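# A closer look at the structure
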Amino acid sequence: MTGPVYLDHNATSPLRPEALAAMQPWFGVPSNASSVHGFGRKAKAAVEEARELVALLAGADPAGLTFTGSASEANNLALRGTPHGRLPVSAIEHPSVLTTARELGAEIVPVTPDGVVDLDALASLLADGEGAALVSIMAANNETGVLQPVAEASEIVHRHGGLFHVDAVQGAGKVALDMAAMGADMMSLSAHKIGGPQGVGCLIAAPHVMLAAEITGGGQERGRRAGTENVAGIVGFGAAAEAARAALADIPALAALRDRLEAGACDISPKARVYGGEVRRLPNTTCLMTPGINADVQLMSLDMAGVAVSSGSACSSGKVSSSHVLRAMGATEREAASAIRVSLGWTTTADDVTRFLEAYAALVARALGNGAPGKSATQPEAAE
Ligand code: PLP
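Residues numbered from 1 in each chain as written. Predicted model: local features only at pLDDT ≥ 70, side-chain atom pairs only at ≥ 80, totals over all residues. Heavy atoms only, no water.

Next up on the list: the pattern of salt bridges. All chains considered together, the criterion is met by 13 salt bridges. As a salt-bridge pair, Asp-259 and Arg-258 come within 3.1 Å of each other at their nearest N and O atoms. Residue class for Asp-259 comes out partly exposed when judged on its relative accessible area of 40%. By relative accessible area, which is 6% here, Arg-258 ends up buried. Glu-262 serves as the salt-bridge partner of Arg-281, at 2.7 Å between the closest nitrogen and oxygen. Of the two residues, Arg-281 is situated in the loop between strand E9 (273–274) and strand E10 (285–289) and Glu-262 in helix H9 (residues 251–268); the sequence distance between them amounts to 19 residues. (Salt bridge = Lys/Arg side-chain N within 4 Å of Asp/Glu carboxyl O. Buried < 20%, exposed > 50% of the residue type's maximum accessible area, 1.4 Å probe, protein only. Helix = DSSP H or I, 4+ residues; strand = E, 2+ residues; numbered from the N terminus.)

Quick look at the packing of aromatic side chains now. What the rule picks out here adds up to two aromatic pairs. Geometrically, the ring pair formed by Phe-356 and Tyr-360 is stacked, given 5.7 Å between the ring centres and 10 degrees between the ring planes. You can see Phe-356 and its partner Tyr-360 sitting in helix H13 (residues 350–369), four residues apart, about one turn around the helix. (Phe/Tyr/Trp six-rings, centres within 6.5 Å; stacked < 30°, edge-to-face > 60°.)

To continue, consider the confidence of the model for the protein. Summing up the model confidence of the protein, the mean pLDDT is 93 and the portion of residues at 70 or higher is 93%. The low-confidence segment residues 371–384, where pLDDT is below 50, has 28 contacts with residues more than four positions distant or belonging to other chains. (pLDDT = per-residue confidence, 0-100. Contact = heavy atoms within 4.5 Å.)

This brings us to helix H10 (residues 295–304). When we look at burial in H10, the residues that qualify are Ala-295, Val-297, Gln-298, Leu-299, Ser-301 and Leu-302. On the buried face of H10, the contacting elements are strand E11 (307–308), strand E12 (339–343) and H13. Following H10 by one or two positions, Gly-306 adopts a phi angle in the positive range, close to 85 degrees.

Written out as structure tokens, the structure reads:
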């Protein structure tokens with residue numbers, strides 16, 4: 001019997017063996033990196049080594065890197081911990097940016113129908129208002145994979161005297177990152193998206209950024225994030241970052257698998273559409289809309305065939321709801337409700353792509369060919 005096929009790497013990527021091996025020795029030993037005895041000093045050295053490895057993946061200075069409990073926490077720290085007046089963020093940010101920014105009085109920067117941040121809109125928004133802005137734009141969108149013009153956005157932000165934060169969670173390990181070349185004053189990363197453990201992230205800040213801790217207490221992480229460090233998790237993050245950086249050489253092969261998957265899906269369902277398919281995207285992500293078949297039906301059919309994908313931004317819950325990202329790109333409610341996200345990663349093989357295409361062909365045939373399998377399975381042709 002063949003095992004399940006995992007094509008949901010943008011939600012979480014399986015733990016890399018390098019990360020597991022690096023973490024294992026840290027379970028069961030006392031390892032408080034603030035302790036002055038030998039155990040503590042060893043833990044501290046391991047944390048510092050991981051800081052260097054993660055910073056290397058981001059093309060950043062390790063001195064500005066603060067380990068957090070997740071990228072959601074890092075995004076909160078960036079938005080809440082820096083002094084600013086205005087807070088423009090793109091309409092397609094992850095909820096950890098969007099929801100937080102809305103609480104703080106965000107201004108929303110629209111995207112084009114291809115899912116690219118509208119730089120003219122950003123420029124006129126910044127030109128119009130008063131007060132120093134903190135602008136947050138992601139490196140790559142988690143649902144469509146569309147790469148954002150962060151260097152150009154940074155130039156606009158800095159011209160207006162603002163600070164620029166980049167959520168680079170989905171870019172890490174899939175495209176080469178260089179914090180200075182991207183013009184980012186702050187950058188967030190997450191361990192579990194690159195094959196590290198869950199529950200570890202980081203915020204990297206340039207030296208000029210005045211960052212106040214959101215979690216106060218002990219002076220850990222140079223006073224920027226109190227709490228005894230998760231040594232095993234941080235070490236796993238470092239090992240995953242090192243492995244992911246080495247694996248950047250395999251990315252063209254991954255892109256070829258993704259392209260085969262898309263071409264195959266569009267052959268099976270000629271009316272299917274790939275969101276963001278015309279612009280620069282991550283090499284691993286496909287946001288596939290199949291008209292007339294609800295995403296929840298697609299997910300269930302694929303799951304029953306042993307193929308795991310997701311819809312929308314399904315990184316936080318099992319809910320299937322229409323995507324704010326696709327809606328911001330101008331998709332109708334019905335179109336957005338028919339889109340699934342297929343995301344490949346370091347475990348993906350050619351056989352996985354074949355299995356996906358077989359399962360997808362079967363579900364399309366069932367739903368559209370031989371009559372609807374259930375009341376909710378198909379939708380009437382879109383009238384919108
Ligand atoms: N930013 C983006 C773009 C994401 O895709 C995610 C995924 O969940 C996050 C932030 C949050 O990461 P974490 O799970 O580490 O909180």
